[in-house]
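Below, each chain spelled out in residue letters.
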Amino acid sequence: MWLGNLSQLTHLDLSYNNFSGEMPSSLTNLKAFSYLDLEQNHLSGALPMWLGNLSQLTYLDLSINNFSGEMPSSLTNLKLLFYLDLRRNHLCGALPMWLGNLSQLTHLDLSINNFSGEMPSSLTNLNVLSNLDLGWNHLSGEISS
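Scoring rules and cut-offs
- Residues numbered from 1 in each chain as written.
- Predicted model: local features only at pLDDT ≥ 70, side-chain atom pairs only at ≥ 80, totals over all residues.
- Heavy atoms only, no water.
- Salt bridge = Lys/Arg side-chain N within 4 Å of Asp/Glu carboxyl O.
- Helix = DSSP H or I, 4+ residues; strand = E, 2+ residues; numbered from the N terminus.
- Buried < 20%, exposed > 50% of the residue type's maximum accessible area, 1.4 Å probe, protein only.
- Core = buried A, V, L, I, M, F, W, Y, C linked by side-chain atoms within 4.5 Å.
- Contact = heavy atoms within 4.5 Å.
- Phe/Tyr/Trp six-rings, centres within 6.5 Å; stacked < 30°, edge-to-face > 60°.

**Description of the pattern of salt bridges**
Taken as a whole, this structure holds 3 salt bridges when the rule is applied. As a salt-bridge pair, arginine 87 and glutamate 39 come within 3.1 Å of each other at their nearest N and O atoms. You can see arginine 87 sitting in the loop between β7 (83–85) and β8 (90–94) and its partner glutamate 39 sitting in the loop between β3 (35–37) and β4 (42–46), a full 48 residues away along the chain. Accessibility expressed as a relative area gives 8% for glutamate 39, which makes it buried. Each of Glu39, Asp85, Arg87 and Asp109 takes part in one network of salt bridges that share partners.

**As for the nonpolar core**
Grouped together as the largest cluster of nonpolar side chains are 35 residues, with contacts concentrated most on Met23, Leu36, Leu62, Met71, Leu84, Leu99 and Leu110. Residues contacting leucine 62, with those up to four places away along its chain left out, are Met23, Leu38, Leu47, Leu51, Phe67, Asp85, Leu86 and Asn89.

**Details of the packing of aromatic side chains**
Tallied over the entire structure, the rule returns 2 aromatic pairs. For the ring pair tyrosine 35 and tyrosine 59, a centre distance of 4.2 Å and an interplane angle of 10° mean the geometry is stacked. In this pair, tyrosine 35 is assigned in strand β3 and tyrosine 59 in strand β5 (residues 59–61), connecting sequence segments 24 residues apart. Tyrosine 59 shares its class with tyrosine 35; the two are buried. A ring pair is formed by tyrosine 59 and tyrosine 83, whose centres lie 4.2 Å apart and whose planes are at 10°; its orientation type is stacked. Pair noted here: tyrosine 59 is in strand β5 and tyrosine 83 is in strand β7, with a separation of 24 residues, a long-range link. The same class applies to tyrosine 59 and to tyrosine 83, which are both buried. Ring-pair connections join several aromatic residues into one group, and the members of that group are Tyr35, Tyr59 and Tyr83.

Structure (structure tokens):
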């Protein structure tokens, strides 16, 4: 995909289109990339491990697509991320403990997926978090005090 050749690109918004298939790995060439919005398309497959290589990313919205599987642990490398929206996909498994390592997050929306198990205690590390939506999943256990 030619987008990977735009080496100075920092902002990409392709939301509300009809793109399909998997996310193109050529996006890993965008080293200065800080903003990625692919909301409401028809993208599918697993969330790629290479997303964690986009170390300058501050905003990531992959909501309202058809992504499936677990959240890749490589996302823990996104230390500058303040906005993460993965709602309305088909993501599953337990909410990962490493979410608490994303200390810059102010917005986290993982609603309307198939996550199960308990909320990880590491979420208490998200001191600047102002918006948390975990609704419409299969979470269980106690709500921590």
